Amino acid sequence: MAANDTLNDIKSKGILWGFGVFILIVLIILFFLGAWWGREPDQFNVMDEAVKRAEETHSTESIPVGYVYTNTLAHIAEVLLHKSGGYITNDVAPPGVFLDNISNWEYGALVMLRDATSALRNHFARDQSQSAEDPDLAIAEPYFYYENDSWALPSTEAEYEKGVEALHKYMERLQKYGGPIKRAQFYSRADNLWQYTEVVIKRLGGLSTRLTANSAGGNYGPGLTELEKEAADEKGTSVAKVGWLEIDDVFYEARGASWALLHILRAVKHDFEDILLDKRAMRTVDIMIKALENALTPILSPMILNGSGYGLFANYSLSMANYIARCNAAALDLRDIMNRG
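Residues numbered from 1 in each chain as written. Predicted model: local features only at pLDDT ≥ 70, side-chain atom pairs only at ≥ 80, totals over all residues. Heavy atoms only, no water.

In the nomenclature of an unreviewed UniProt entry, the protein corresponds to DUF2333 family protein from the organism Methylobacter tundripaludum.

Now the structure itself:
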């Protein structure tokens, strides 16, 4: 009897040990898979990607104005969909469901993609306000505004893929036209760029404000007493203070927005080269690009630090806000330059 009890006890412990080892192996796999999926995508060369796309469509003779800009938008969407781990935001299973940093990064990049696609449809591809909009762009833009976290049918990935296909059709019509195929248009004018810059200014300003509204920074006007600050807290301030658990969310959203806008500006620099040189605004765009490159400097800390301004630890949010504010200041200059006669 005692021998049977001992044997059963050994079997029970063996099952528990086996189950424990299995759980440990699964956790290790999920950890390394999460680390791989959670990596931010590398930057890409907008001209190289445009030439590669042109070669795929056997149209390398000439790359028309607007081709690089449109291909950059399409490639940004493709990176979101096909990077390591694919599109993460709508994942409902581990490890994707726990990767909130890369999900916020995706959202930041997606917002910039939406703005740039809207600018292409409403401004860059139209001669004037009375002109008919491009049919392919009228299809592409709404797909990128589909909800960003849908995993059921239709999934977010499927809708964004349709938007990429419509952008590719517009690009083909920029190069190949004649007969029943209507030529696509792209107008690299100062007024068009000015209208897009207005949107960029608002996006950057909003990100900068949210980054500085962290738990280490004040969110009040200058010269307020403690009683006035308490009264402001009771009434509610114009911008909600970001809690320390949400600081990394805003930070990675700003990283994703900076990544996408950096590539869009590089494409703008190519397709709007003539007008930028004519108005002597190329240096202004370079300042914006450099600020965003600095904002995308690799992160050395395993977590987003939120120290005080002159404390022992860095404040990553304020550092990011500084780079974005510098880019925003240059965008204000670019808007003024484009708005001049």
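Draft legend 1. Here's a closer look at the overall build of the protein. For the protein, the helix and strand inventory stands at 12 helices and 0 strands. From first element to last, N terminus to C terminus, the protein shows the α and β order α-α-α-α-α-α-α-α-α-α-α-α. Each of the 341 residues in the protein was classed as buried or not, and the buried ones make up 44%. Counting only contacts in the protein whose residues sit at least 6 apart along the sequence, the fraction spanning at least 24 positions is 76%. Summed over its atoms, the accessible surface of the protein is roughly 18,400 Å², and 57% of this surface lies on carbon and sulfur atoms. (Helix = DSSP H or I, 4+ residues; strand = E, 2+ residues; numbered from the N terminus. Buried < 20%, exposed > 50% of the residue type's maximum accessible area, 1.4 Å probe, protein only. Contact = heavy atoms within 4.5 Å. Areas by Shrake-Rupley, 256 points an atom, 1.4 Å probe, with all protein chains shown as cover.)

Draft legend 2. Main features of the UniProt feature "transmembrane region" (unreviewed entry) in the protein. UniProt feature "transmembrane region" (unreviewed entry): in the numbering of this structure it lies at residues 15–37. Secondary structure within residues 15–37 divides into 100% helix and 0% strand; the distance between the first and last C-alpha atoms comes to 32 Å. (UniProt positions renumbered as here; feature names shortened; annotations may be inferred.)

Draft legend 3. Molecular detail of the packing of helix H3 (residues 67–82) against helix H9 (residues 247–271). Contact pair H3 / H9: the axes reach a minimum separation of 8 Å and the direction vectors enclose 165°. When the interaxial angle is binned, H3 and H9 end up roughly antiparallel. Read as a crossing pair, H3 and H9 show a hand that is right-handed. Contact with H3, carried on its side by Tyr67, Val68, Tyr69, Thr72, Leu73, Ile76 and Val79, involves Trp259, Ala260, His263, Ile264, Ala267, Val268, His270 and Asp271 of H9 and no other residues of that element. Classifying every residue of the contact of H3 with H9 by side-chain character gives 11 nonpolar, 3 polar and 1 charged. (Axes fitted to C-alpha atoms, helices over the stretch in contact; angles between N-to-C directions. Parallel < 35°, antiparallel > 145°, perpendicular 65-115°, else oblique. Left-handed = near helix turned anticlockwise from the far one by under 90°. Nonpolar A, V, L, I, M, F, W, Y, C, P; charged D, E, K, R; others polar.)

Draft legend 4. Region of interest: helix H7 (residues 190–212). Taking 1.5 Å of rise per residue, 23 residues should cover 33 Å, and H7 covers 32 Å from first to last C-alpha, within 8% of that figure. Within the sequence span of H7, burial applies to Ala190, Asn192, Leu193, Tyr196, Thr197, Val200, Ile201, Leu204, Leu207, Ser208 and Leu211. Lining the buried residues of H7 we find helix H4 (100–124), H9, helix H10 (273–278) and helix H12 (316–339). (Expected span 1.5 Å × (residues − 1).)

Draft legend 5. Layout of the packing of aromatic side chains. Under the counting rule described, the total for this entry stands at 13 aromatic pairs. Each ring, one from Phe31 and one from Phe32, has its centre 5.4 Å from the other, and the planes form 85°; the classification is edge-to-face. For Phe32, a relative accessible area of 55% corresponds to the exposed category. Where Phe44 meets Trp259, the ring centres are 5.9 Å apart and the plane angle is 65°; that geometry is what we call edge-to-face. Here Phe44, found in the loop between helix H1 (2–37) and helix H2 (46–56), pairs with Trp259, found in helix H9; they are 215 residues apart in sequence, far enough to count as distant. With a relative accessible area of 9%, Phe44 lands in the buried category. Three or more aromatic residues joined by ring pairs make a cluster, and in this case those are Tyr69, Phe124, Phe186, Tyr196 and Phe272. (Phe/Tyr/Trp six-rings, centres within 6.5 Å; stacked < 30°, edge-to-face > 60°.)

Draft legend 6. Here's a closer look at the nonpolar core. Among the nonpolar cores identified, the biggest contains 87 residues, and Tyr69, Leu120, Trp259, Ile264 and Leu276 are the most heavily contacted of them. In terms of residues, this core owes the most to one element, H9, which gives 14 residues. The contacts of Leu120, once residues within four sequence positions are left out, are Tyr69, Thr70, Leu73, Ala125, Leu137, Leu167, Tyr170 and Phe186. (Core = buried A, V, L, I, M, F, W, Y, C linked by side-chain atoms within 4.5 Å.)

Draft legend 7. Spotlight on a nonpolar patch on the surface. On the surface, a cluster of nonpolar side chains totalling about 470 Å² of accessible area is made up of Phe19, Phe22, Ile23, Val26 and Leu27. Relative to the helices and strands, Ile23 is located in helix H1. On the basis of relative accessibility, which here comes to 34%, the residue Ile23 falls in the partly exposed class. (Patch = residues over 30% accessible without salt bridge, like charges linked within 9 Å, V, L, I, M, F, W, Y side chains within 5 Å. Salt bridge = Lys/Arg side-chain N within 4 Å of Asp/Glu carboxyl O.)

Draft legend 8. Layout of H4. Between the first and last C-alpha of H4 there are 34 Å, a value that for 25 residues agrees with the 36 Å anticipated at 1.5 Å per step. Across the 25 residues of H4, 20 count as buried, placing the element largely inside the fold.

Draft legend 9. The side chain of Glu106, seen in detail. Note on placement: Glu106 falls in helix H4. A polar atom in the side chain of Glu106 sits 2.9 Å from the backbone nitrogen of Ile88. Beyond its immediate stretch of four places on either side in the chain, Glu106 contacts Leu80, Lys83, Gly86, Tyr87, Ile88 and Thr89. (Polar contact = N/O pair within 3.5 Å; in protein donor to acceptor, adjacent residues only side chain to side chain.)

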